[in-house]
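Analysis of the macromolecular model
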Amino acid sequence: MSDVPWVTILGLGEDGAEGLCSASLAALTEAEVVIGPPRHLALLPEAGAERVAWPVPFAEGLPKLLALRGRRVVVLASGDPFWFGAGSVLARHLAPQEWRALPGPSCFALAASRLGWALEEVLCLGLHAAPLARLRPHLAPARRALVTLRDGAAVAGLAGYLCETGFGASRLWIMEALGGPRERVTAVRADRLQGAFSHPVCAALEVQGGGAALPLASGRADDWFQSDGQMTKRPVRALTLSALAPRHGEHLWDIGGGSGSIALEWLLSHPSLRATSIEPRPERAGRIEANAARLGMDRLAVVTGSAPGALAGLAPPDAVFVGGGLDAALLGWLFAQLAPGVRLVANAVTLETEALLLGARAQHGGELLRIELAHAAPLGPRTGWAAARPIVQWSVSL
């Protein structure tokens, strides 16, 4: 049996075979089957290999590919298959010795080279299969970004989104068919966009305008989160996120989600983080989902139900926050079911829950913090301190 992998994942640009290196050309010459989207197949001249069109949706092509095992196959992908491309999906379905990759220049590299931008300083996002709201945390004056878009029609959607968020003055460069004979670059302000655009399209943007930039630190203003008043307020939220101490790749359970502000602030800390918000009231669960969509945090999972019953079957957490509904039964379930080392943070407002935390601390250890805050408010013709209800916070590693 040959030592050469039977699958070659080949990155193809808009210039077709002319832009391929010698190794990529040799792979095509030796291939028995070339499989890829019809647009990619059309970029290559006819050869002796059998041609197979990759179907839509993408997942339906995986059985077709695996059925070709034993033959020499080239899978066509755009540019660099491992940068917002199909490469990682294909690799997950193949053994390491079954495949090799011959990438080409990504559209991000081509776009940066057209504009003279340092690619390592630019945000790169794949929005061809993701909501435009994923841009929201990154919208700040002078921020530069390169994004892939689904098709030419999505350009107007991008410009409209920038206008809706207050950044209509942003500069856009609409780049069509980069690297090929049809290449066209159109520079325009988002609020002055006109015309039609053709696929494939990549957009560069330099953010400008008077829209509100989302702060980078936790403890963001309360008005970033829609709520019915039941939410962890800004200063307490900052202290809570500090106690939860998110780390790369971790998963949070936010029990009693309310507005989802704790889970959303957790996710905003880093793109590798995951979170599940558990909320018993359907109207609040819907509000959490709306907050997540608006802030570009569509990776937040929302479960409608009461703990601990709603926790069954969830992916295990690395950290747990209980903002509402804490009782002895829930606390006992958490200690019995969760793995050692999980970080638990609970906030108490009522005397009954405070007493529960005091007892839990006596039994399990951990840290207690009493949070007493006051803000300046009118007091007759002058100003005085208006005290908020004190909060007791318990944090412990299980």
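Placed above this text is the structure.
Residues numbered from 1 in each chain as written. Predicted model: local features only at pLDDT ≥ 70, side-chain atom pairs only at ≥ 80, totals over all residues. Heavy atoms only, no water.

1. With respect to the nonpolar core
Let me state the cut-off plainly: Side-chain atoms within 4.5 Å link the members of a nonpolar core, which is a set of buried Ala, Val, Leu, Ile, Met, Phe, Trp, Tyr and Cys residues. Type-normalised accessible area, obtained with a 1.4 Å probe on protein chains alone, sets the label of each residue: buried when under 20%, exposed when over 50%, and partly exposed for intermediate values. The way it works is that DSSP assigns letters per residue, a run of H or I at least four long becomes a helix, a run of E at least two long becomes a strand, and they are numbered from the N terminus. Every residue pair with non-hydrogen atoms within 4.5 Å of one another is taken to be in contact.
Ranked by size, the top nonpolar core spans 26 residues in total, and within it Leu 135, Val 147, Leu 149, Leu 158, Leu 162 and Leu 172 carry the most contacts. The element contributing the most residues to this core is helix α6 (residues 154–164), with six residues. Excluding anything up to four places from it in sequence, Val 147 contacts Phe 108, Leu 125, Leu 127, Leu 135, Leu 158, Cys 202, Ala 203 and Leu 205. By size, the runner-up hydrophobic cluster in this structure holds 25 residues, among which are Leu 264, Leu 268, Ala 292 and Val 345.

2. Re the pattern of salt bridges
To keep things clear, this is the line we draw: A pair is scored as a salt bridge if a Lys or Arg side-chain nitrogen falls within 4 Å of a carboxyl oxygen belonging to Asp or Glu.
All told, the structure shown has 22 salt bridges when counted by the stated rule. With a closest N to O distance of 3.8 Å, Glu 32 and Arg 71 form a salt bridge. Note that Glu 32 is positioned in the loop between α1 (22–30) and β2 (33–36) and Arg 71 in the loop between α3 (61–66) and β4 (73–78), a separation of 39 residues in sequence. With a relative accessible area of 39%, Glu 32 lands in the partly exposed category. In this structure Arg 71 comes out as partly exposed when scored by relative accessible area, which is 31%. A salt bridge links Arg 51 to Glu 46; its shortest N-O distance comes to 3.7 Å. Residue Arg 51 is classed as partly exposed on the basis of its relative accessible area of 29%. Judged by its relative accessible area of 69%, Glu 46 falls in the exposed class.

3. Some details on the sheet that holds strand β6 (residues 123–127)
Definition in use: Pairing between two strands is assigned when DSSP locates at least 2 bridges connecting them. Fitting a line to C-alpha atoms yields each axis, with helices limited to the stretch in contact; the angle taken between N-to-C directions then spans 0 to 180 degrees.
On the basis of which strands lie adjacent, the open sheet formed by five strands has the order β6-β7-β10-β8-β9 and mixed pairing. Each end of this open sheet is capped by a strand with a single partner; those strands are β6 and β9 (184–189). Ignoring which end each strand starts from, the neighbouring axes of this sheet average 20 degrees apart. Alignment of β6 against strand β7 (residues 144–149), held across five bridges, turns out to be parallel. Residue pairing in the sheet places Leu 127 in a bridge with Leu 149 of β7. The strands touched by helix α5 (residues 107–115) are β6, β7, β8 (171–176) and β10 (201–206); relative to β7, the strand with the most contacts, the crossing angle is about 135 degrees.

4. Regarding the packing of helix α7 (residues 234–244) against helix α8 (residues 261–268)
As a reminder of what qualifies: In what follows, roughly perpendicular refers to angles from 65 to 115 degrees, roughly parallel to angles under 35, roughly antiparallel to angles over 145, and oblique to any angle outside these ranges. Handedness of a crossing is defined here by the sense of rotation of the near helix relative to the far one, left-handed for an anticlockwise turn of less than a right angle and right-handed for a clockwise turn.
Running from amino to carboxyl end, α7 crosses α8 at an angle of 60 degrees, the nearest separation of the two axes being 10 Å. Here α7 is positioned oblique relative to α8, judged by the angle of their axes. Like other packed secondary-structure pairs, α7 and α8 cross with a definite hand, here right-handed. On α8, the residues that touch Arg 237, Thr 240, Leu 241 and Leu 244 of α7 are Ser 261, Ile 262, Glu 265 and Trp 266.

5. Here's the deal with the side chain of Ser 106
Position of Ser 106 among the secondary structure elements: in the loop between β5 (99–102) and α5. On the basis of relative accessibility, which here comes to 7%, the residue Ser 106 falls in the buried class. Discounting residues that sit within four places of it in the chain, Ser 106 has contacts with Gly 79, Asp 80 and Trp 83.

6. Quick look at unusual backbone geometry
The amide bond that connects His 199 to the next residue, Pro 200, takes the cis arrangement and shows omega of 0 degrees. Within the element layout of this structure, Pro 200 appears in the loop between β9 and β10. Even without a glycine there, the phi angle at Phe 84 is positive, about 55 degrees. Its place among the elements puts Phe 84 in the loop between β4 and α4 (87–92). Take Phe 84: its relative accessible area is 38%, and that puts it in the partly exposed class. Phi is positive for Ala 245, close to 50 degrees, though the residue is something other than glycine. Tracing the backbone through its elements, the reader meets Ala 245 in the loop between α7 and β11 (251–255).

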